Amino acid sequence: MKKIKLGLPKGSLQDSTIRLFKKAGYSISVRDRSYFPYIDDPEIECMLIRAQEMARYVEHGVLDAGFTGKDWILETNSKVHVITELVYSKQNMKPVKWVLAVPEKSKIKSAKDLEGKTIATEVVNITKKYLKKFKVKANVEFSWGATEVKPPDLADAIVEITETGNSLRANKLRIVDTLMESSTQFIANKQIFKDNKWKAEKINRIALMLKSVLAAEGKAGLMLNVKKNDLKAVLKILPALESPTISTLSESDWIAINTIVNEKEIRDLIPELKLKGASGIVEFPLNKIVY
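Since the structure is predicted, the reported quantities are computational estimates derived from the model, not experimental observations.

Draft legend 1. Highlighting helix 1 (residues 14-23). Gln14, Ser16, Thr17, Ile18, Leu20 and Phe21 are the residues of helix 1 that are buried. For helix 1, the secondary structure elements touched by its buried residues are strand 1 (4-10), strand 2 (28-29), strand 4 (44-50), strand 5 (65-69) and helix 7 (197-216). Just past helix 1, the residue Gly25 takes up positive phi, approximately 110 degrees.

This is the structure in structure tokens:
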């Protein structure tokens, strides 16, 4: 049977990636101490790999495709085919940031103040490229973890990943600058898209389903009925993802409207729609949106 070898990120993104696949229609289960999760698609073989290493294995063809951050593609200088960006993280649906941080009382105010200083980080190459932009020479040390605790005794500054900044503040660190934003990238081996039409199509189908789930995040569907005379007033206040679908009802004076709106707008929108003459208003959840 034809199969693709798919790398899933082990670590902080593991659970959120598996949840994303579940919403897309794929059931993945991870057995204790196993690096080969089960997936209910016989054409996919999964392997758990740390995001830091994923791009290298995809580039060299050990894996056909996988999920990693834009940061780790740049850090490892890997040559891979980026199928699509998937903006999700372990806590929310926003990109994460790599930031330069120093102790709250540090005299370091900008990158230029790092001359001759020691910086601890996991992303050594990204940090060196950042310093090069400012023509600053500093000692960049690889950090094996717990990077936030290293200043001021073990390092003058750190370059660390953050979603909310809470951990940095808890460790009395101040953000000086943002080096880059990073989000999850669905990547594939470049040669596949040249030589293997079946694998390329299979990977593109997976990407389509995953993107459709993310497109539906924070959205809801609305159905409502309105008299023709009130249609203009209702459409004026109705925020729509695209133009709403309008169809006639069996009663010729009435119109049915079907549309998609942001969930956070609905609590204020429904009472307004009612005041404008809408009735039979139904909100329904969305699992996927395919553009």
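Anyway, onward from the coordinates.
Draft legend 2. How the structure looks around the nonpolar core. One finds Leu6, Phe21, Phe67 and Phe186 to be the most contacted residues of the largest nonpolar core, which totals 29 residues. Listing elements by their share of this core, those giving two or more residues are strand 1, helix 1, strand 4, strand 5, strand 6 (81-86), strand 12 (184-188) and helix 7. It is helix 7 that contributes the most residues to this core, 7 residues altogether. When neighbours within four sequence positions are excluded, Phe186 is seen to be in contact with Leu6, Ala65, Gly66, Phe67, His81, Val82, Ile83, Thr84, Leu86, Ile203, Ile206 and Ala207.

Draft legend 3. Structural context of the environment of Glu141. Along the chain, Glu141 falls in strand 9 (residues 139-142). The exposure class of Glu141 is partly exposed, given its relative accessible area of 36%. With 18 residues separating them along the chain, Glu141 and Val123 place their C-alpha atoms 9.3 Å apart. Residue contacts for Glu141: discarding those within four places in its chain leaves Thr118, Ile119, Ala120, Thr121, Val124 and Leu154. Of the polar contacts made by the side chain of Glu141, one reaches the side chain of Asn139; its length is 3.2 Å.

Draft legend 4. View of the side chain of Ser182. For Ser182, the location among the structural elements is in strand 11 (residues 173-182). By relative accessible area, which is 4% here, Ser182 ends up buried. Not counting residues up to four positions away in its chain, the partners in contact with Ser182 are Gly69, Lys70, Asp71, Pro95 and Val96.

Draft legend 5. Structural view of helix 7. If you check helix 7, its first and last C-alpha atoms are 29 Å apart, about what 20 residues at 1.5 Å a residue would give, namely 28 Å. Taken together, the buried positions of helix 7 are Lys199, Ala200, Lys202, Ile203, Ile206, Ala207, Leu210, Ser212, Val213, Leu214, Ala215 and Ala216. A distance of 3.3 Å separates the backbone nitrogen of Trp198 from a side-chain oxygen at the start of helix 7, and that oxygen is part of Asn196. One or two residues past the end of helix 7 sits Gly218, with phi positive at roughly 75 degrees.

Draft legend 6. Main features of the packing of aromatic side chains. Under the defined criterion, the tally for this structure stands at 6 aromatic pairs. Here Phe21 and Tyr26 contribute two aromatic rings whose centre-to-centre distance is 5.6 Å and whose plane-to-plane angle is 65 degrees, an arrangement assigned as edge-to-face. Taking relative accessible area as the criterion, Phe21 reaches 0% and is therefore assigned buried. The buried category is assigned to Tyr26, whose relative accessible area is 13%. Where Trp72 meets Trp98, the ring centres are 6.0 Å apart and the plane angle is 90 degrees; that geometry is what we call edge-to-face.

Draft legend 7. Focus on the sheet that holds strand 4. The 5 strands lie next to each other as 4-1-5-12-6, forming an open sheet whose pairing is mixed. Strands at the two margins of the open sheet, each flanked by one partner only, are strand 4 and strand 6. Across the sheet, the mean angle separating the axes of adjacent strands is 30 degrees when strand polarity is ignored. Two elements, strand 1 and strand 5, share 2 bridges in a ladder whose sense is parallel. Counterpart to Leu6 in the pairing with strand 5 is Ala65. Across the sheet, helix 1 is in contact with strand 1, strand 4 and strand 5; its angle to strand 1 comes to roughly 135 degrees. In this fold helix 2 (residues 51-59) packs onto strand 1, strand 4, strand 5 and strand 12, with an angle of close to 130 degrees to the strand it touches most, strand 4.

Conventions adopted
- Residues numbered from 1 in each chain as written.
- Predicted model: local features only at pLDDT ≥ 70, side-chain atom pairs only at ≥ 80, totals over all residues.
- Heavy atoms only, no water.
- Buried < 20%, exposed > 50% of the residue type's maximum accessible area, 1.4 Å probe, protein only.
- Helix = DSSP H or I, 4+ residues; strand = E, 2+ residues; numbered from the N terminus.
- Contact = heavy atoms within 4.5 Å.
- Core = buried A, V, L, I, M, F, W, Y, C linked by side-chain atoms within 4.5 Å.
- Polar contact = N/O pair within 3.5 Å; in protein donor to acceptor, adjacent residues only side chain to side chain.
- Expected span 1.5 Å × (residues − 1).
- Phe/Tyr/Trp six-rings, centres within 6.5 Å; stacked < 30°, edge-to-face > 60°.
- Pairing = 2+ DSSP bridges.
- Axes fitted to C-alpha atoms, helices over the stretch in contact; angles between N-to-C directions.

Keep in mind that these numbers describe shape and distance, not what the molecule does.
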